[in-house]
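# Commentary on secondary and tertiary structure
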Amino acid sequence: MSDYIIRGMAADKQVRFFAANTKDLVEKARRIHNTSPIATAALGRLMTGTAMMGSMCKNDSDVITLQIQCSGPIGGLTVTADSKANVKGYVNNPDVMLPPSKEGKLDVGKALDLGVLTVIKDIGLKEPYSGQTHLVSGEIAEDLTYYFAASEQIPTSVALGVLMNKDNTVRQAGGFIIQMMPFAKEETISQIEENLKNITSVTDHLKKGETPEQILEILLGNLGLEITDTMPTRFYCNCSKERVEKAVISVGKKEIQDMIDEGKDIEVKCHFCNTAYKYTVDELKDILKRCKR
């Protein structure tokens, strides 16, 4: 199992945790979208966080989508994951380039700048649940930490990281989410805060060859760490010609008729995986018949 998520509890179930290694899925996203290093880092962080949040879902059919709308040059990001931690995503401007931050790192916060994070959970109810918070730093991990505290009232620590090679491929990627249960004791929270000081950054630890299990040992080893589950995570898009057809239908009868009148086949690309689907003039005529407006 190359990319995976571990889940479990600690401190007599006062704490639940998720940790992930996501190098391969982030590299696959980079190849598919041909992202710049800073866009790879931003998308990789959000995909890692969303994959872990997907693994929190209870039902097989549950889907979670994280959208960032922002004023920075990256233009926004959209990532979706299911309960099996299949994840897909894209950035609005994959070519964004910026100088390094003062610390000499990829300046993801500057690439996003001001904006909002929207979390949409489709868990089989009549309407999907939607929560929204402002970006606090644009660095994504801090923004997710704030989202959990403000929108779901769950004290949470989120860390996410993507490390690039000199040839702009992905060297390491991963992260963790630690959450306090409502009955967590003050001394447990204090101990975790103390342990968090021993983590420099996720990528520093992954770079040393440490696994998500070893990182969690540093964070929760003195609190009765219990890993309950390990699951694979991967970049996976469930698009199909039939699904993409819905996007064609959504443009409306007049636009489809215009395409037919031009007499040329059209090509529609999936945002998430860049797969191109061709529709002939005859297929467009069939779509027009099924179009309601």
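One can find the structure itself at the top, above this paragraph.
Structural notes, computed from the coordinates. (Residues numbered from 1 in each chain as written. Predicted model: local features only at pLDDT ≥ 70, side-chain atom pairs only at ≥ 80, totals over all residues. Heavy atoms only, no water.)

### A short note on the nonpolar core
Selection criterion: As used in this record, nonpolar core signifies buried Ala, Val, Leu, Ile, Met, Phe, Trp, Tyr and Cys residues forming a set joined through side-chain atoms within 4.5 Å. Only protein chains enter the area calculation, which uses a 1.4 Å probe; residues under 20% of their type maximum are buried, those over 50% are exposed, and those in between are partly exposed. The helix count covers DSSP runs of H or I at least four residues long, the strand count covers runs of E at least two residues long, and both are numbered beginning at the N terminus. Note on contacts: a residue pair qualifies if any of its non-hydrogen atoms lie within 4.5 Å across the two residues.
M53, I68, I74, L77, L112, I140 and Y279 are the most contacted members of the largest nonpolar core, which totals 68 residues. Top element by residues in this core is helix 2 (residues 37-54). It accounts for 10 residues. Residues in contact with Y279, not counting those within four places in the same chain, are K241, V244, E245, V248, D265, I266, V268, L284 and I287. Counting 21 residues, the second-largest nonpolar core is a separate cluster that includes A10, F176, A184 and L223.

### Quick look at the pairing of strand 1 (residues 4-10)
Note the threshold: DSSP-based pairing: two strands are paired if at least 2 bridges between them are found.
The element strand 1 is largely enclosed, with a buried count of five among its seven residues. Looking at chain direction, strand 1 and strand 2 (residues 15-21) are connected through seven bridges and run antiparallel. Its bridge partner being in strand 2, A10 is matched across the sheet by V15. Where strand 1 folds back on strand 2, the antiparallel hairpin that results is connected by four residues, among which A11 adopts a positive phi of roughly 55°.

### Some details on the sheet that holds strand 9 (residues 170-180)
The test is simple: To get an axis, fit a line to the C-alpha atoms, keeping to the stretch in contact for a helix; angles then go from 0 to 180 degrees between the N-to-C directions.
Read from one edge of the open sheet, five strands run 8-9-2-1-10, paired in antiparallel fashion. The two strands at the open ends of the sheet, each matched to only one other strand, are strand 8 (156-164) and strand 10 (226-232). The sheet shows a mean angle of 10° between the axes of neighbouring strands, taken without regard to direction. Set on the sheet, helix 5 (residues 186-196) makes contact with strand 2, strand 8 and strand 9; between it and strand 9 the angle comes to about 165°. Lying over the sheet, helix 7 (residues 212-220) contacts strand 1, strand 2, strand 9 and strand 10, oriented at roughly 150° with respect to strand 2.

### Comments concerning the state of the cysteines
Just so we agree on the cut-off: Put simply, a disulfide is two cysteine sulfurs that come within 2.5 Å.
Under the definition given, this model contains zero disulfides. C237 provides the cysteine sulfur closest to C57, a residue in no disulfide bond, and the two sulfurs are 18 Å apart. Of all cysteine sulfurs, the one in C239 lies closest to C273, which takes part in no disulfide; the gap is 3.5 Å.

### What to know about the packing of aromatic side chains
To describe a pair of aromatic rings, you give the distance between the ring centres and the angle between the ring planes. Condition: Pairing of aromatic rings covers Phe, Tyr and Trp, the last through its six-membered ring, and needs centres within 6.5 Å; plane angles under 30 degrees mean stacked, over 60 mean edge-to-face, and all others mean tilted. Whether a charge sits over a ring comes down to the Lys NZ or Arg CZ being within 6 Å of the ring centre and within 35 degrees of the ring normal.
Enumeration over the complete set of coordinates arrives at two aromatic pairs. Consider the rings of Y90 and F272, whose centres lie 5.1 Å apart with planes at 75°: the pair is edge-to-face. Within this pair, whereas Y90 is found in strand 5 (residues 86-91), its partner F272 is found in the loop between strand 12 (266-269) and strand 13 (276-279), the two being separated by 182 residues in sequence. What makes Y90 buried here is its relative accessible area of 16%. Measuring from ring centre to ring centre gives 5.5 Å for Y147 and F148, while their planes differ by 65°; the resulting arrangement is edge-to-face. For K88, the ring lying beneath its charged end belongs to F272, and the centroid distance is 4.6 Å.

### Points about the sheet that holds strand 3 (residues 63-70)
Within the open sheet, the six strands sit side by side as 7-6-3-4-5-11. Their pairing is mixed. Two strands in the sheet have a free side with no partner beyond their single neighbour: strand 7 (129-134) and strand 11 (234-235). Where strand 3 and strand 4 (residues 77-82) come together, six bridges link them in antiparallel fashion. Note that in strand 4 the partner of T65 across the bridge is T80. Helix-sheet contacts for helix 2 involve strand 3, strand 4, strand 5, strand 6 (115-122) and strand 11, and the interaxial angle to strand 4 is about 30°.

### Thoughts on helix 7
Just so we agree on the cut-off: The reported arc concerns the directions from the helix axis to the C-beta atoms and nothing else.
Within helix 7 the residues assigned to the buried category are P212, I215, L216, L219 and L220. End-on, the buried residues of helix 7 take up no more than an arc of 110°, which puts them together on one face. Those residues of helix 7 hidden inside the fold are in contact with strand 1, strand 2, strand 9, helix 5 and helix 6 (202-207).

Read these as layout, nothing more, since geometry by itself doesn't imply function.
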